[in-house]
Amino acid sequence: MGNVDEDTESGQPLLRKRRLMVLAALIATVLLAAVWWWQRDSSPEAAGELTVSVQRRLPHDASAFTQGLEVVNGEVIESTGLYGRSTARRWNLDTGTTTAEVEVPKQYFAEGMTELPDGRLVQLTWKEGTALVRDPDTLREVDRFTYQGEGWGICMDETTNRLIMSDGSATLTFRDPVTFKVTGTEEVTDANDKPVTRLNELECVAGRVWANVWQTDTIVGIDAATGRLVATVDASGLLSDEQATDADVLNGIAALPDDEFLITGKLWPEAFVVRFVPIEDGK
């Protein structure tokens, strides 16, 4: 213990340096968290501000990590994700009861799904570059496509006979529905020409693409021809505080007749039939 005083004297500059390094690291962490939070909750700017008017509430499997929704012949086709837990399933639009389900091979993390012009279904995978083509009746895999990059959301634009695909960025990729080859791309921008990133689940309706913005309660409407944002939808507050405790983010959107949409989220206990209405009309 004879060298305590000597070590204390010589170690003071080093101690101060370490304290400054810790302080700098804490400041950097706080700044990064603030930037992330601002990005997470900021909404892109568009011509019209909308909200959701709930028409009906449906039970939804709270264990389903929802990645994509599609309504086909009055039934809901849903793609759920996570490695080892991904599925393709069908459920009743009135009762929420699952009527058919198949497991996705465990090496795949399933993502969005849509109906092809020939009636078959195509289901994306996240990082595996594989799209699984499924029989619409049995949901069994009957074919595959391959692609480069990540797969997030997909929808079939019947007005132009092309698939539109997202990868979590601001870019939409157009694909041939027969060959799955890329036919073009478009960057999505808001009213201030700012890229709208984190585009996730997609739904094509009459030349417009509706997209979930990942990690937010925002749905955006996009002009498929130009990539310009034409609407933003505030879909917050659908779950009660108790329901939200075990739920994940909003995700999943499918068009219904009469300008209605079916929306839900990952691990949500309910799905909602909604209309998009001007925000001043309330929910």
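Residues numbered from 1 in each chain as written. Predicted model: local features only at pLDDT ≥ 70, side-chain atom pairs only at ≥ 80, totals over all residues. Heavy atoms only, no water.

A. Looking closely at the pattern of salt bridges. Taken as a whole and assessed by the stated rule, the structure comprises 11 salt bridges. The salt bridge partner of Glu-141 is Arg-144, with a shortest N-O separation of 2.4 Å. The closest approach of N and O atoms between Arg-275 and Glu-260, which form a salt bridge, is 3.8 Å. Of this pair, Arg-275 sits in strand 20 (residues 270–278) while Glu-260 sits in strand 19 (residues 260–265), placing them 15 residues apart in sequence. Glu-260 gets classed as buried once you look at its relative accessible area, which sits at 17%. Bridged by salt links that share partners, the residues Asp-61, Arg-89 and Glu-101 form one connected network. (Salt bridge = Lys/Arg side-chain N within 4 Å of Asp/Glu carboxyl O. Helix = DSSP H or I, 4+ residues; strand = E, 2+ residues; numbered from the N terminus. Buried < 20%, exposed > 50% of the residue type's maximum accessible area, 1.4 Å probe, protein only.)

B. Seen up close, the sheet that holds strand 16 (residues 218–223). Read from one edge to the other, the open sheet built from 8 strands follows the order 14-15-16-17-1-20-19-18, with strand pairing classed as mixed. Of all the strands in the sheet, the pair left with one neighbour each is strand 14 (199–205) and strand 18 (250–256). Ignoring which end each strand starts from, the neighbouring axes of this sheet average 30 degrees apart. Inspection of the sheet shows strand 1 (residues 49–59) paired to strand 20 by 9 bridges, in the antiparallel sense. Residue Arg-57 lies in a different strand from strand 20, and its bridge partner there is Phe-272. (Pairing = 2+ DSSP bridges. Axes fitted to C-alpha atoms, helices over the stretch in contact; angles between N-to-C directions.)

C. Up close: unusual backbone geometry. The phi dihedral of Asn-73 falls on the positive side, at around 50 degrees, and the residue is not glycine. Summarising the element assignment, Asn-73 is placed in the loop between strand 2 (66–72) and strand 3 (75–80). Located in the positive-phi region is Phe-180, a residue other than glycine, with phi close to 70 degrees. The residue Phe-180 is located in the loop between strand 12 (171–175) and strand 13 (182–187) in this model.

D. A look at the pairing of strand 19. For strand 19, a buried count of 6 out of 6 residues is recorded, marking the element as mostly surrounded by other parts of the structure. The side-chain alternation of strand 19 yields two buried faces, one formed by Glu-260, Leu-262 and Thr-264 and the other by Phe-261, Ile-263 and Gly-265. Two strands pair when backbone bridges link them, and strand 18 and strand 19 are joined in this way by 5 bridges, in the antiparallel orientation. Each residue of the ladder has a partner; that of Leu-250, found in strand 19, is Gly-265. The loop that links strand 18 with its antiparallel partner strand 19 comprises 3 residues; one of these, Asp-258, has a positive phi angle of about 60 degrees. Note that strand 19 and strand 20 share 3 bridges and pair antiparallel. Note that in strand 20 the partner of Ile-263 across the bridge is Phe-272.

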